[in-house]
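Coordinate analysis (summary)
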Amino acid sequence: MAEYGFNTLAVHAGAQPDPATGARATPIYQTTAFVFEDADHAAALFNLQVFGNVYTRLMNPTNAVLEEKVAALENGRAGLACASGHAAQLLTFHTLMSPGDEIVSARQLYGGSINQFNQSFAKFDWRVKWADTTNPDSFKPLITDRTKAIYAESIANPGGLITDIEALAKIAHDAGVPLIIDNTLASPYLIRPIEWGADIVLHSATKFLGGHGNSMAGVIVDGGKFDWGSGKFPTLSEPNPSYHGMRMWETFGDMAFAITTRVFALRDLGPALSPMNAFLVLTGTETLPLRMQRHCDNAMIVAKWLKANPKVEWVNYAGLPDNASYKLHQKYCPKGAGSVFTFGLKGGYEAGIKLVNSVKLFSHVANIGDTRSLIIHPASTTHRQLSDEDRAKAGAGNDVVRLSIGIEDTADIIADLEQALA
Ligand SMILES: *Cc1c(COP(=O)(O)O)cnc(C)c1O
């Protein structure tokens, strides 16, 4: 489908009328297991000699449409759907890492990812070294011979910084490791990281892909270009006892990462996506280009309005010409700088609490990427357990408010902020 444009792919990629019934929308294949044709067919499926459905923990026809659609939108080789964005991260690292291995990650990440890396990955003895997304050269000295990947977000939560993906890809490839980009905040409508050199793209499809704040889902996209044959990634290059000594990279070539992650990590760790949620995310993804453009246009208008407001100290939105990320915004996502950004209140902590208590149209929630406008005061919620100093370092100082601008009328969004600030 590569010859179609992005809007057409969003509607059609991966989907076709149901061969059994002619249903035009993708059916929800709400089943656990699939009947084998005969014993030989079952054996071939278990040996990975043919592709097919066995058990929904591994593969499901509804989920497969989502996998193919997101892979097409990202211009990648293959996709893998799973239960959440965090599941996508866990499965990806399970394929790449052994105990004692390291990643070098941007420290400007979604707070939940920082917890996952620091707390839970430590239990697998997967180690993280933290670099600064605004300075790609800061990643280089942290790379060792145990480093297995470089990790960053395309548009970084919560501050809306834009990552120089091309520079990080070069650093990763010089070190013989893949670049993994969490593309949740940009979505492939704004940025396609694989086209800038990323090797693996991750999504919390819970956010803009699904887009309606109603389902958890994650997607992994394999760019298909990385050479896994160096010996650094034994799960991919060495004989695997659970598949009769098969070597995944040799057997599956440019889909080796996606297939390996499915048949080992998803098979054994188990965070499968429910077909119902795949259906809801698929429905959302069909309108991704329309929603994303509206999100960005609205965010730009609201950011400009906030900047002119006397109660506001600063606005950090990459779409504003005086922003530190403005040049990278022009290079990587000229259609828009996303819809998640932060601003600072002159009144500090107390003013932040007052604001979230006074909004009516905005929802006070720990989520982003909904059709609805969302607001949170990180210092009193997601970052409340940190010291003042650590909050400031994480971009969640006492005065910081984070917005995820929805697709409502901007006049109503602004009127709500105006009354709440008053
Ligand atoms: C929400 C989010 C995640 C985690 O995804 P879940 O679907 O909540 O597990 C990861 N990265 C980013 C950038 C996110 O916004």
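Residues numbered from 1 in each chain as written. Predicted model: local features only at pLDDT ≥ 70, side-chain atom pairs only at ≥ 80, totals over all residues. Heavy atoms only, no water.

Interface size is often expressed as the accessible area that is lost when the parts come together. Its domain assignment divides the protein into domain 1 (6–284) and domain 2 (288–421). Once you take the C-alpha centre of each, domain 1 and domain 2 turn out to be 29 Å apart. Contacts between domain 1 and domain 2 engage 32 residues on the former and 32 residues on the latter. Summed over the three residues of domain 1 that lose the most area to domain 2, namely Ile162, Tyr189 and Phe208, the buried surface amounts to 28% of that side. Between Lys331 and Glu166 there is a salt bridge, and its shortest N-O distance comes to 2.5 Å. Linking domain 1 with domain 2 are 13 residue pairs in polar contact (both at pLDDT 80 or more), by the criterion used here. A total of four residues in the side of domain 1 that touches domain 2 trace back to one element, the largest contributor, which is helix α7 (residues 187–190). Considering only residue class, the side of domain 1 that touches domain 2 consists of 18 nonpolar, eleven polar and three charged. (Domains from an automatic or database assignment. Contact = heavy atoms within 4.5 Å. Buried area = accessible area lost by both parts, 1.4 Å probe. Salt bridge = Lys/Arg side-chain N within 4 Å of Asp/Glu carboxyl O. Polar contact = N/O pair within 3.5 Å; in protein donor to acceptor, adjacent residues only side chain to side chain. Helix = DSSP H or I, 4+ residues; strand = E, 2+ residues; numbered from the N terminus. Nonpolar A, V, L, I, M, F, W, Y, C, P; charged D, E, K, R; others polar.)

Looking now at the packing of helix α12 (residues 288–307) against helix α16 (residues 410–421). Following both chains from N to C, one finds α12 and α16 inclined at 30°, their axes separated by 10 Å at the closest point. With respect to their mutual orientation, α12 and α16 come out roughly parallel. Note that α12 runs across α16; the crossing there is right-handed. Of the residues in α16, those in contact with Asn298, Ile301, Val302, Trp305 and Leu306 of α12 are Thr410, Ile413, Ile414, Leu417, Glu418 and Leu421. Split into classes, the residues belonging to the contact of α12 with α16 amount to eight nonpolar, two polar and one charged. (Axes fitted to C-alpha atoms, helices over the stretch in contact; angles between N-to-C directions. Parallel < 35°, antiparallel > 145°, perpendicular 65-115°, else oblique. Left-handed = near helix turned anticlockwise from the far one by under 90°.)

This part takes up the sheet that holds strand β12 (residues 363–364). Spatially, β10-β11-β14-β13-β12 is the arrangement adopted by the five strands of the open sheet, whose pairing is mixed. What marks the edges here is a single partner per strand, and that holds for β10 (312–316) and β12. Summarising the sheet, strand β13 (residues 374–376) and strand β14 (residues 400–404) pair through three bridges and their orientation is antiparallel. Directly across from Ile375, in β14, lies its bridge partner Leu403. Running over the sheet, α12 touches β10, β11 (340–345) and β14 and is turned about 10° from β11. (Pairing = 2+ DSSP bridges.)

Next up on the list: the pattern of salt bridges. Enumeration according to the criterion identifies 14 salt bridges in this entry. Between Asp254 and Arg77 there is a salt bridge, with its nearest N and O atoms 2.8 Å apart. In this pair, Asp254 is assigned in the loop between α9 (248–252) and α10 (256–269) and Arg77 in the loop between α3 (61–73) and β1 (78–82), connecting sequence segments 177 residues apart. Judged by relative accessible area, which is 34%, Asp254 ranks as partly exposed. In this structure Arg77 comes out as partly exposed when scored by relative accessible area, which is 39%. (Buried < 20%, exposed > 50% of the residue type's maximum accessible area, 1.4 Å probe, protein only.)

With that settled, the discussion passes to the site of the ligand. Taken together, 16 residues lie around the ligand, and Gly85, Asp182, Ser204, Thr206 and Lys207 are the ones closest in. Gly85 places a main-chain nitrogen or oxygen 2.8 Å from an oxygen atom of the ligand. Across the complex, the protein chains shield 95% of the 380 Å² of accessible surface that the ligand would expose by itself. With three residues, helix α4 (residues 85–96) is the largest single contributor of residues to the shell around the ligand. In terms of residue class, the shell around the ligand is built from four nonpolar, nine polar and three charged. (Near = heavy atom within 4 Å. Areas by Shrake-Rupley, 256 points an atom, 1.4 Å probe, with all protein chains shown as cover.)

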